[in-house]
Amino acid sequence: SNSFCTLLAMQNAAKVALWALRVMLFPPDSSMNSDAAGESFARAWDIAVRAAFATYYVPVLLVGLGALVDTLLYVAFTALIPAVQADAPNMTELSVQGIIGHWLQIGALLVPYTVAMAGVLVAAHKQLKCFAEAMVDSYSVFHGVDYSLTLALFTFALESSKRMVILACVSFALCIAFVVTFLTDAVTVFSKRETHVSVATYVIIVTQIVATAVSVSQLALKPDPFRDYPSPGRSGKIAKGPTQKLRAFVIVWWRANIGKIRHSAAKMLIGFVLIWTLLEGPLKALSWGIETLIYLNVPNLVGFTCLSCVVSIIRTTHGWRWLSCRPQYKKPILILVLPYSLAWLYTMVFFECSVGVTVMTIFAVWTLTGHAIDICREHEVSESGPVSWRFVDKEGNVDRHVPVGLACHLEDAVLRAHRTPALVSMEHKCDISKMTIQSRGEPDVKRLKRVVRSNPSAASPPGLRTLLSQFLPRLLLMQSRTSFNGSRFNRTRIILKCFTALIAGVIASLVVGAVVQETVAILQPVDVGLLRRPSHDNGSEEVVVQHLVADLHFVFNSSSEALNVNSSRVSGQGDGYGQLCQRSHHGIDMFEMALMSVGPYLNNASSVARFVDSVNVGLSSDWEVMFPRIGDPGPSRAPRSPWKSIVEVHSRQRNTTLVAIRGTDPTSMFDMLQDVSIYVESFLYQLMTHILPAAHLVPTSLICDAIGLASALEAYTVPWVDRRDASSTSSHHFHDIVIDHVHAIDSARRPRVAFVGHSLGGAIGHIAAARTGLHSFGIQSPGIVLPRKKLGLATSQIHRATTTVAISHDIVPLIGWQAGDVLHAECTDRIRERCHIAEQVVAAIWQNCESVRKRHPRLTDVWVA
């Protein structure tokens, strides 16, 4: 009774709020009566509800995109690149035949991994297409019907008993998958996170189920439930078959109730938000409301995906039936599909017939065969084929050709002797018995004519060149079957296809570039030079770090101390940045930390040694290089990895070891891949906050959970990737390599260890420090708050272990959100794009911190040029 009273109070509160909003927005006056005002408000309310539900499909789409990128990069990092690197010989010692044999061996390795990644890409694209179409469908209204495409898919699956069996089987499979997923942490982590949101979601969904059951029973008890059945051209008659009656019943119920059920869910959500506002405040209430709205879209996504799978299976079975009646097309289809099928079978054997690869193989061969059959069917009804479908004008003259995709469905209906084609369309209504078609937006019914030039069963198939010219582009561009659901859905499919193709192209370019860089020595990352020369001042020396976009200059005098600094670059007296200037770690100030973060960019051990020696002279330090892992194999304790940019230095005077980590090298494909692997979901979310209204109010913990869920597909990829080499010690994450390196340090002799790094190096140091309990100093590094769940970190660990220096006009520290201590400085460079380099922080600290200049009296000038 208490629960019922609560729901009743919540509904009444929502009604009062909506009434007040209606009066404020549409007040009745002399020119508008109350009914007209009510209709205007109803239209505005309906648009607002549809827009709200549709808008918050975007987070689910972004999770899907993040999962796609994560899975592709996991295969590349964990298996493909280490496999190529393990077999990479010294190219200078090989003959021409040896080089050719080596590249053939690499090609044999590339085939299974490339095929597996292509399968993941195609499957993810199909799923994302379902999500995108469901999003557009939730906003669109066709002939006054909400979720019109869902209704079209549902009624298509109810047209025959065989289709209903397929629908039942697919629904059962999805239920099993949901139950299996529910037994893992992927779902329970969301339900346990916010009790208020979980309760609201379950209450609204259960209420919708009850409302559906009540409305269905009320319609079934009516004496004439099909009175409102829309049946133009059929004189209002309903077929006597049980499936036809069920289909008509669903249409009548859907048109009358689905919009009301969604509006009632919106009103209940508003009621919950009002109650939360009174109890917890407006910001938390709005945040919980948005989170609940996202969860309410999940049932529709699952149902839409189920119906899309059913339609795809039915269409493919129709294609196989057509092929059984056209035996002359079997040979060209076999020629098209055989190479790809053999590649998939080789991939399945390569990965030892694991369940994931086997399922992907069946899906891929099924999809490829369906594409090949569709192309042959399109050839049959094309202008040069044996059958042609034409429009007939009012005078009875044969007009233009029917579009090929639509003609395939019409021919299929003739082949199966059906009155209507197996077509999911909201644009066309066809009747083969009357040879008529009516398109949306056109009041007149058009007549059709089937022109048979020759017997289709005996017609010769198209040439192999013609088939390949159509099949390969369709395969490479992931082109699906023709859609007849309107321009809005077609535009969505095209945009998603371009976006997926862009992701595939970027990842493929990075992976291929990484493989080529690993096997061709001349294509290694660009060296960073070091120059040490006498300065113009008497007795001074100048060290120049020649980076890719800027040079760091620092001048010091090794023979004397307490020199006066006579530099026009020094900005006044005192410390311009209080915390940044005074901060130190075991006697190491932030200037020295920033300077050491430059060291790993040097690409050979001798340059690192000379750089550290210059720092020792200029700063009166005693750093000793313990481990310069810069492009060489290093000692035996170094894990096998293509990434080698760690510099370990130790100060006996301060009894502290610094592990300096290089940031992103713009010429290294490995670094680019690592950036994408860690931050793709965070970047997509932060991009979404600038597009979706109130997206920044979504709780951070929910975003982190979603990012963790997006990376959870790696768990399903691990078994069939790792079984290839269970003894492999390679890691696809750079921070794992750093942690292994730290674990190899003798803690008894060197108890104090800290990390320092610039950009990506600082983020890797933050991750390693949070996991090991050490401390990390990041110079202009991105944050790790948003991706913390996928990295297995808690916010408290990040707060205790990290310090970040962020400089103005640099967007990189804004990515991923920061935690711990964040120290700020200003970039005065006229070229804003150069503000991200570590040298800017070094120069900014020295020029604005008098305490730092006093602490290092041998330095006379530091600047960036």
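Owing to the predicted nature of the structure, the values given are computational and were not obtained by experimental measurement.

What counts, and where the lines are drawn
The numbering scheme is per chain: residues are counted from 1 as the chain's sequence reads. In keeping with the predicted nature of the model, local features appear solely for residues at pLDDT of at least 70, side-chain atom pairs appear and are counted solely at 80 or more, and the whole-chain, interface and lining totals rest on all residues. Hydrogens and waters are ignored; side-chain quantities use all the structure's heavy atoms. Each nonpolar core is a collection of buried residues, namely Ala, Val, Leu, Ile, Met, Phe, Trp, Tyr and Cys, held together in the definition by side-chain atoms within 4.5 Å. Each residue is assigned to one of three classes by its accessible area relative to the maximum for its type, calculated with a 1.4 Å probe on protein chains only: buried under 20%, partly exposed between the two thresholds, exposed over 50%. By definition, any uninterrupted DSSP run of H or I lasting at least four residues is a helix, any uninterrupted run of E lasting at least two residues is a strand, and each is numbered from the N terminus. Multiplying one less than the number of residues by 1.5 Å gives the expected span of a helix. What pLDDT conveys is the predictor's confidence in a given residue, as a value from 0 to 100. For this analysis, residues touch if any pair of their heavy atoms sits within 4.5 Å. Helix axes are fitted to C-alpha atoms over the stretch in contact, other axes to C-alpha atoms as well, and angles between N-to-C directions run from 0 to 180 degrees. Orientation categories follow fixed angle ranges, with anything under 35 degrees roughly parallel, anything over 145 roughly antiparallel, 65 to 115 roughly perpendicular, and all other angles oblique. Two helices crossing with the near one rotated counterclockwise from the far one by less than a right angle form a left-handed crossing, whereas a clockwise rotation gives a right-handed crossing. Residues were grouped as follows: Ala, Val, Leu, Ile, Met, Phe, Trp, Tyr, Cys and Pro as nonpolar; Asp, Glu, Lys and Arg as charged; and all remaining residues, including Gly, as polar. Any Lys or Arg side-chain nitrogen located within 4 Å of an Asp or Glu carboxyl oxygen qualifies as a salt bridge. The criterion for a disulfide is a pair of cysteine sulfur atoms lying within 2.5 Å. Note on pairing: two strands pair once DSSP finds at least 2 bridges between them. Between rings of Phe, Tyr and Trp, where Trp is taken as its six-membered ring, a pair exists when centres lie within 6.5 Å; planes separated by under 30 degrees are stacked, by over 60 edge-to-face, and by other angles tilted. Note on criteria: charge over ring means Lys NZ or Arg CZ within 6 Å of the ring centre, with the direction from the centre no more than 35 degrees off the ring normal. For patch detection, residues must exceed 30% relative accessible area and be free of salt bridges, and they are connected within 9 Å for like charges or within 5 Å for nonpolar side chains (Val, Leu, Ile, Met, Phe, Trp, Tyr). Computed with a 1.4 Å probe, the accessible areas rest on the Shrake-Rupley method; for each residue, only the protein chains presented here act as cover.

The next subject is the nonpolar core. In this structure, Ile507, Val659, Val738, Phe755 and Ile784 are the most contacted members of the largest nonpolar core, which totals 133 residues. With 55 residues, the next largest nonpolar core counts Met590, Val649, Leu658 and Trp846 among its residues.

For the rest of this paragraph, the subject is helix H10 (residues 282-296). Relative to the 21 Å expected for 15 residues at 1.5 Å per residue, H10 spans 21 Å between its end C-alpha atoms, a close match to the ideal helical length. In terms of burial, H10 is a largely internal element, 11 of the 15 residues being buried. For H10, every residue scored as buried is listed here: Ala285, Ser287, Trp288, Gly289, Ile290, Glu291, Thr292, Leu293, Ile294, Tyr295 and Leu296.

A few words now on the confidence of the model for the protein. For the protein, the average pLDDT comes to 77, and 77% of its residues sit at 70 or higher. For the protein, helix H22 (residues 714-722) is the element with the lowest average pLDDT, namely 50, and strand E17 (residues 775-779) is the one with the highest, namely 93. Note that residues 232-237 has pLDDT below 50 and, in this model, 6 contacts with residues that lie over four places away or in other chains.

Further remarks concern the packing of helix H8 (residues 195-220) against helix H9 (residues 242-280). Axis separation between H8 and H9 bottoms out at 9 Å; the angle between their running directions is 150°. By the angle between their axes, H8 is roughly antiparallel relative to H9. Seen along the crossing, H8 lies across H9 with a hand that is right-handed. Mapping the contact onto sequence places His196, Ala200, Val203, Ile204, Thr207, Gln208, Thr212, Ser215, Val216, Leu219 and Ala220 in H8 and Phe249, Val252, Trp253, Asn257, Ile261, Ala265, Met268, Leu269, Phe272 and Trp276 in H9. A per-class count over the contact of H8 with H9 returns 15 nonpolar, 6 polar and no charged.

Next up on the list: the pattern of salt bridges. As enumerated under the stated definition, the model contains 21 salt bridges in all. The residue aspartate 146 makes a salt bridge to arginine 262 at a minimum N-O spacing of 3.6 Å. Highlighted residues: aspartate 146 in strand E2 (residues 145-146) and arginine 262 in helix H9, separated in sequence by 116 residues. Taken individually, aspartate 146 and arginine 262 each receive the classification buried, so the pair is uniform in this respect. A salt bridge links arginine 654 to glutamate 592; its shortest N-O distance comes to 3.1 Å. Here arginine 654 is found in the loop between strand E14 (646-651) and strand E15 (656-661), whereas its partner glutamate 592 is found in helix H18 (residues 590-596), with 62 residues between them in sequence.

What makes a disulfide is a covalent bond joining the sulfur atoms belonging to two cysteines. Taken as a whole, this structure holds 2 disulfides when the rule is applied. Paired by a disulfide, cysteine 581 and cysteine 849 hold their sulfur atoms 1.8 Å apart. Torsion about the S-S bond of the cysteine 581 and cysteine 849 cystine: about -65°, corresponding to left-handed handedness. One end of the pair, cysteine 581, is in helix H17 (residues 578-582); the other, cysteine 849, is in the loop between helix H27 (838-848) and helix H28 (850-855), and 268 residues separate them in sequence. Each member of the pair, cysteine 581 together with cysteine 849, is buried. What pairs with cysteine 827 in a disulfide is cysteine 835, and their sulfur atoms sit 2.2 Å apart. Residues cysteine 827 and cysteine 835 share a disulfide whose torsion about the S-S bond is about -80°; that sign makes it left-handed. Each of the two residues, cysteine 827 as well as cysteine 835, counts as buried. The connectivity of the disulfides in the protein is 1-4, 2-3, where the numbers refer to bonded cysteines in sequence order.

A few words now on unusual backbone geometry. A positive phi angle is found at histidine 586, which is not glycine, with a value near 55°. For histidine 586, the location among the structural elements is in the loop between strand E11 (584-585) and strand E12 (588-589). In this model, serine 759 sits at a positive phi of 60°, which is unusual for a non-glycine residue. Relative to the helices and strands, serine 759 resides in the loop between strand E16 (752-758) and helix H24 (760-772).

Taking strand neighbours across the sheet as the criterion, the 5 strands line up as E4-E3-E7-E6-E5 in an open arrangement whose pairing is antiparallel. The outermost strands of the open sheet, each flanked by one partner alone, are strand E4 (398-401) and strand E5 (428-431). Averaged over all neighbouring strand pairs, the angle between strand axes comes to 35°, with direction disregarded. Here 2 bridges tie strand E3 (residues 387-392) to E4, and the two strands are oriented antiparallel to one another. In the sheet register, arginine 390 faces E4, and the bridge partner there is histidine 401.

For the rest of this paragraph, the subject is the packing of aromatic side chains. For the structure on display, the rule yields 6 aromatic pairs. Measuring from centroid to centroid gives 6.3 Å for tryptophan 253 and tryptophan 254, while their planes differ by 75°, and the two rings are edge-to-face. In this structure an aromatic cluster arises from ring pairing among Phe272, Trp276 and Trp288. In this structure, lysine 446 packs its charged tip against the face of phenylalanine 391, placed 4.9 Å from the ring centre.

With that settled, the discussion passes to a nonpolar patch on the surface. A cluster of nonpolar side chains, contributed by Leu334, Leu338, Leu342 and Leu345, occupies part of the molecular surface with about 370 Å² of accessible area. Note that leucine 338 resides in helix H12 (residues 330-350). The class of leucine 338 is partly exposed, set by a relative accessible area of 40%.

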